[in-house]
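So the chains spell out like this:
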Amino acid sequence: MPWILKKKCISCKKCVKRCPVDAISMSKGKAVIDDHICIYCGKCVKVCPVNAILKDREKVKQDVETNIRSFQKKMKKHKDSTPQSRMLKGEIKRLEMQKKIIQGTLRKLKSLKP
């Protein structure tokens, strides 16, 4: 599924015009994708002049990098008050818990009958 980076979107509407199923609209001056309509063709990704639309793998990579930068910034901020190894262990534990929650949610969703 394509993802729109709202901060990068320049409201040119090229993606809206290019979408073959009208899954993209404008909201508050930014492009928005309706994932219930989107057929994941990627035409919007190709037409965006500022690369504000990412594919899944690009979105995952960007979010991982953002999370790492954020954690490194947090470590620098608290480097005198909290041992970095303890901060790192705590962050890993927090993310492992989130992973379990997401995996459990996915299992339950897959077992639901529409």
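The numbers attached to residues start from 1 for each chain and follow its sequence in the written order. Owing to the predicted nature of the model, reporting of local features is limited to residues with pLDDT of at least 70; listing and counting of side-chain atom pairs is limited to 80 or more, with chain, interface and lining totals taken over all residues. As a convention, hydrogens and water are excluded, and side-chain values are obtained from all of the structure's heavy atoms.

A few words on the nonpolar core. Here, nonpolar core refers to any group of buried Ala, Val, Leu, Ile, Met, Phe, Trp, Tyr and Cys residues whose side-chain atoms link them within 4.5 Å. A 1.4 Å probe rolled over the protein chains alone gives each residue an accessible area, and that area as a share of the maximum for its type sets the label: buried under 20%, exposed over 50%, partly exposed in between. Ranked by internal contacts, the top residues of the largest apolar core, which has 14 residues, are Ile4, Cys15, Ile24, Ala31, Cys44 and Ile53. Residues contacting Ala31, with those up to four places away along its chain left out, are Ile4, Lys6, Cys9, Cys15, Ile24, Ser25 and Met26. In what follows, a contact means two residues having at least one pair of non-hydrogen atoms within 4.5 Å.

This part covers a nonpolar patch on the surface. A surface patch of nonpolar side chains, about 400 Å² in accessible area, is lined by Ile102, Leu106, Leu109 and Leu112. Secondary structure elements follow DSSP: runs of H or I of four or more residues count as helices, runs of E of two or more count as strands, with numbering from the N terminus. Counting through the fold element by element, Ile102 comes out in helix 4 (residues 84-111). Patch criteria: residues need more than 30% relative accessible area and no salt bridge. Like-charged residues are merged within 9 Å; nonpolar side chains of Val, Leu, Ile, Met, Phe, Trp and Tyr are merged within 5 Å. Working definition of accessibility: Shrake-Rupley area with a 1.4 Å probe, residue cover restricted to the visible protein chains. In the sections that follow, a salt bridge refers to a side-chain nitrogen of Lys or Arg positioned within 4 Å of a carboxyl oxygen of Asp or Glu.

Taken as a whole and assessed by the stated rule, the structure comprises two salt bridges. A salt bridge links Lys59 to Asp63, with the nearest nitrogen and oxygen atoms 3.1 Å apart. One end of the pair is Lys59 and the other is Asp63, both in helix 3 (residues 56-77) and four residues apart, which spans about a single turn. Residue Lys59 is classed as buried on the basis of its relative accessible area of 19%. Across the pair Glu91 and Arg94 runs a salt bridge, and its minimum N-O distance is 2.7 Å. One end of the pair, Glu91, and the other, Arg94, are both in helix 4, three residues apart, so they sit about a helical turn from each other. Taking relative accessible area as the criterion, Glu91 reaches 15% and is therefore assigned buried. A relative accessible area of 39% means that Arg94 is categorised as partly exposed.

We now examine the pairing of strand 3 (residues 30-33). Only one face of strand 3 is covered, namely the one carrying Ala31 and Ile33; the face carrying Lys30 and Val32 has none of its residues buried. The hairpin formed by strand 2 (residues 24-27) and strand 3 contains two residues between the paired strands, and Lys28 there has a positive phi angle of roughly 55°. If DSSP finds at least two bridges between two strands, the strands pair.

Let us look at the confidence of the model for the chain. Residues at a pLDDT of 70 or more form 100% of the chain, whose mean pLDDT is 93. When pLDDT is averaged over each helix and strand of the chain, the minimum, 92, is found for helix 3 and the maximum, 97, for helix 1 (residues 14-18). Per residue, pLDDT measures the predictor's confidence, with a range of 0 to 100.

Moving on, we get to unusual backbone geometry. Residues other than glycine seldom take positive phi values, yet Lys13 does so here, at roughly 70°. With respect to the helices, strands and loops of the structure, Lys13 is situated in the loop between strand 1 (3-4) and helix 1. Judged by relative accessible area, which is 43%, Lys13 ranks as partly exposed. Even without glycine at this site, Lys28 takes up a positive phi of about 55°. If you trace the backbone, Lys28 turns up in the loop between strand 2 and strand 3.

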